[in-house]
Amino acid sequence: MEEVPLEAPRGPAPAAEAGVRAETLITVDSPDAMRELGLRIAGLLRPGDLVLLTGELGAGKTTLTRGLGEGLGVRGAVTSPTFVIARVHPPLGDGPALVHVDAYRLGGGLDEMEDLDLDVSLPESVVVVEWGDGKVEELSDDRLHVVIERAVGHEEVLDDVRQVSVRGIGARWNGGAGLEALAGALSE
């Protein structure tokens, strides 16, 4: 695979994320590879986990969540919940439900999201929040933060290439909790 220039690395972690325990970087070169990454991450998740997804429109947040849903074995097609704010996908077996939230249109913090009862859903579900930065971190001291960035360069060639950072924050992810197995590149 050709070396891909990526955006400049970010500065130090914000104070809110000072509890970062592990970070893994993955290069993804297609929507299928993004779904596969979701499958792999699903293997690390358990009831009570909070996953925040960050990335621009079209970055692959919902595609990653499809893989999470498939890996968790939940019912229903995972689609963007933009117009309904949240969708609950019950488990087909013994695993946790997947609560998929799109906080894009929500301006406030946790107070505005209170009607969604995410704090009630969290203990027995995996809660995935797109556009949740600065809005839902108070739900849990332990969370997985997935940041998806497009590669920069020759867009016509690199349109599907993404650099994905998966950060475990809090005691739940102390020592990585298997995140190191995600490292590397995923391709079709």
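Being a predicted model, the structure only gives us computed values, none of them experimental.

Asks: Outline the packing of helix α1 (residues 31-42) against helix α2 (residues 61-72), supporting the account with residue identities and numerical values.
Replies: In contact at an axis separation of 7 Å, α1 and α2 are set at 45 degrees when each is read in the N-to-C sense. On the basis of their axis angle, the class for α1 and α2 is oblique. Between α1 and α2 lies a crossing whose hand is right-handed. The residues of α2 that touch α1, namely those facing P31, M34, R35, L37, G38, L39, I41 and A42, are T63, L64, G67, L68, E70, G71 and L72. Partitioning the contact of α1 with α2 into residue classes produces nine nonpolar, four polar and two charged.

Asks: Which residues make up the pattern of salt bridges, and what are the values?
Replies: In this structure the tally under the stated criterion is four salt bridges. In this structure, R172 engages D49 in a salt bridge whose closest nitrogen and oxygen atoms are separated by 2.8 Å. In this pair, R172 is assigned in the loop between β7 (162-169) and β8 (184-186) and D49 in the loop between α1 and β2 (50-54), connecting sequence segments 123 residues apart.

Asks: Residues and numbers for the pairing of strand β6 (residues 143-150), please.
Replies: Looking along a regular strand, one sees the side chains alternate between the two faces of the sheet. Here β6 lies mainly inside the structure; seven of its eight residues are buried. Direction of pairing for β2 relative to β6: parallel, over a ladder of four bridges. For L52, the partnering residue across the bridge sits in β6 and is H145. Of the pairings in the sheet, the one linking β6 to β7 comprises eight bridges and is antiparallel in character. Looking at β7, one finds that R143 is bridged to I169.

Asks: Account for the side chain of H145, naming residues and giving values.
Replies: Inspection of the secondary structure puts H145 in strand β6. A distance of 2.8 Å separates polar atoms of two side chains, one belonging to H145 and the other to T54.

Asks: I'd like to hear about the environment of I26, residue by residue, with values.
Replies: Position of I26 relative to the elements: it lies in strand β1 (residues 20-28). Judged by relative accessible area, which is 0%, I26 ranks as buried. Considered as a pair, I26 and L182 are 156 residues apart in the sequence and their alpha carbons are 6.9 Å apart. Beyond its immediate sequence surroundings of up to four residues, I26 is in contact with L37, R162, Q163, V164, V166, L182, A183, G184 and L186.

Calculation rules
Residues numbered from 1 in each chain as written. Predicted model: local features only at pLDDT ≥ 70, side-chain atom pairs only at ≥ 80, totals over all residues. Heavy atoms only, no water. Axes fitted to C-alpha atoms, helices over the stretch in contact; angles between N-to-C directions. Helix = DSSP H or I, 4+ residues; strand = E, 2+ residues; numbered from the N terminus. Parallel < 35°, antiparallel > 145°, perpendicular 65-115°, else oblique. Left-handed = near helix turned anticlockwise from the far one by under 90°. Contact = heavy atoms within 4.5 Å. Nonpolar A, V, L, I, M, F, W, Y, C, P; charged D, E, K, R; others polar. Salt bridge = Lys/Arg side-chain N within 4 Å of Asp/Glu carboxyl O. Buried < 20%, exposed > 50% of the residue type's maximum accessible area, 1.4 Å probe, protein only. Pairing = 2+ DSSP bridges. Polar contact = N/O pair within 3.5 Å; in protein donor to acceptor, adjacent residues only side chain to side chain.

None of this, on its own, says anything about what the molecule does.
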